[in-house]
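Residues per chain are reported as follows:
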Amino acid sequence: MDPLSTLSFPTGAPQMSVDQGLVTAAHFRYIAEHCQGEDAFLQQLRHDAQAAEIPAISIGPLQATFVQILLRAARAKQVIEVGTLAGYSAISMARALPDDGCVRTIEIEPAHAAFAEAKVADSDVAGKVVVHCGSGQDILPTFESGSADAAFLDADKSGYATYLEECCRILKPGGLVMVDNAFAFGQLFYEDPTDREVPAVRAFNDHMAQHPGVDGIIVPFGDGMWVGATR
Ligand SMILES: C[S@@+](CC[C@H](N)C(=O)[O-])C[C@H]1O[C@@H](n2cnc3c(N)ncnc32)[C@H](O)[C@@H]1O
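Residues numbered from 1 in each chain as written. Predicted model: local features only at pLDDT ≥ 70, side-chain atom pairs only at ≥ 80, totals over all residues.

### Considerations on the site of the ligand
Spelled out, the test is: Throughout this description, a residue near a molecule or strand is one whose C-beta atom, derived from the backbone, lies within 6 Å of it. Helical segments are the DSSP runs of H or I of at least four residues, strand segments are the runs of E of at least two, and each set is numbered from the N terminus. In this classification, the charged set is Asp, Glu, Lys and Arg, the nonpolar set is Ala, Val, Leu, Ile, Met, Phe, Trp, Tyr, Cys and Pro, and all remaining amino acids, among them Gly, are polar.
If you check the shell around the ligand, you find 19 residues, and the closest are Ser58, Gly83, Leu85, Tyr88 and Ser89. Every element with two or more residues in the shell around the ligand is listed here: helix H4 (88-94) and strand S2 (102-107). Grouping the constituent residues of the shell around the ligand by class yields eight nonpolar, seven polar and four charged.

The structure is reproduced here in structure tokens:
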């Protein structure tokens, strides 16, 4: 079942623009049709990643565009990411930064980190992305406090709460926080989810919603993405 096809707003919500009925998969297709797609480099990256047997679990072009707009609007220069995979999101984000900007991205799988490093080196943002090979739990604590403007979390869901605490330390006040997969791979409302990370996503969503240091909201793009700002 396509989770987007059943997405609706609470009927008790105030009479505002959101209380218009149903948002369907057709609306998301329409949004995709009205968004610039990915360029040849990122298409090739996706293709090469598949050939290298790297799982096809990167963000899509729609999300990448949305993240770039957020970064530009926030005038972000320094970005941190947990979960590099093949470098798709890191390269996309780096493109939204000024010339002296940088994405520090963390990847636990050495093969993914090496692939991403090679792609970054070939890209138009070579020098603007630093790949750290290791776990988010180990590497984030080495980043200086107040040294980043934005963070994108897209890795192991059981680590998200720890990563969020580290982000609150590393980001400047008003820093942009983006966290992927709030809809738990489409299984958020399943009684018996097959993906073992679903309980961790649910727990994180509850945690994020009540976090005293971050104002956030889930945006229904892709698999649901938290967008927030540190206080
Ligand atoms: C969904 S993918 C990231 C996709 C990437 N952000 C993109 O959109 O192009 C998740 C990645 O997180 C990595 N990962 C899993 N656990 C991790 C951890 N504890 N620390 C750092 N990376 C981790 C996985 O190896 C995988 O490459």
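After presenting the structure, the write-up continues.
### Some points on the sheet that holds strand S6 (residues 214-219)
Which entries qualify depends on this criterion: Pairing between two strands is assigned when DSSP locates at least 2 bridges connecting them. Note on geometry: axes are C-alpha line fits, over the in-contact stretch for helices, and angles between N-to-C directions span 0 to 180 degrees. By definition, residues are in contact whenever their C-beta atoms, placed on the basis of the backbone, come within 7 Å of each other.
Here we have seven strands laid out as an open sheet, ordered S3-S2-S1-S4-S5-S7-S6, and mixed in their pairing. Of all the strands in the sheet, just strand S3 (129-133) and S6 have a single pairing partner and so form its edges. In this sheet, neighbouring strand axes are inclined to one another by 15° on average, regardless of whether the strands run parallel or antiparallel. Two elements, S6 and strand S7 (residues 225-230), share six bridges in a ladder whose sense is antiparallel. Looking at the pairing, isoleucine 217 lines up with valine 227 of S7. Helix H7 (residues 160-170) contacts strand S1 (78-82), strand S4 (148-153), strand S5 (171-180), S6 and S7 of the sheet and is inclined by roughly 155° relative to S5.

### Thoughts on the environment of glutamine 44
Examined against the element boundaries, glutamine 44 turns out to sit in helix H2 (residues 40-51). Between the C-alpha atom of glutamine 44 and that of lysine 119, which follows or precedes it by 75 residues, the distance is 10.0 Å.

### Points about the pairing of S7
For S5 and S7, the ladder comprises five bridges, and the chain directions are antiparallel. Residue pairing in the sheet places aspartate 180 in a bridge with methionine 225 of S7.

### So, unusual backbone geometry
Let me state the cut-off plainly: Our exposure labels follow a C-beta count within 10 Å of each residue's own C-beta, placed from the backbone: buried means 20 or more other C-beta atoms, exposed means 12 or fewer, and partly exposed covers the counts in between.
At arginine 75, a residue that is not glycine, the phi angle is positive and equals roughly 50°. Relative to the helices and strands, arginine 75 is located in the loop between helix H3 (61-73) and S1. Of note, the phi angle at leucine 85 is positive, near 55°, even though the residue is not glycine. Judged by local crowding, leucine 85 falls into the buried class, with 24 C-beta atoms found within 10 Å.

### Focus: the environment of glycine 222
Along the chain, glycine 222 turns up in the loop between S6 and S7. Residue classification places glycine 222 among the partly exposed positions, given that 18 C-beta atoms sit within 10 Å. Expressed as a C-alpha distance, the spacing of glycine 222 and phenylalanine 28, which sit 194 residues apart in the sequence, is 9.0 Å. Apart from the residues within four sequence positions on either side, glycine 222 is in contact with Ile59, Gly60, Leu62 and Gln63.

### Quick look at H2
Worth spelling out the cut-off: For a helix, the expected span equals 1.5 Å multiplied by the residue count minus one. Note: the arc covers the axis-to-C-beta directions of the helix.
Spanning twelve residues, H2 covers 16 Å between terminal C-alpha atoms, matching the ideal 16 Å at 1.5 Å per step. For H2, the complete set of buried residues consists of Leu42, Leu45 and Ala49. Projection of H2 onto a plane perpendicular to its axis shows the buried side chains occupying an angular sector of 50°, all on one side. Seen from the buried face of H2, the exposed residues on the opposite side, beyond 90 degrees, are Ala40, Gln43, His47, Gln50 and Ala51.

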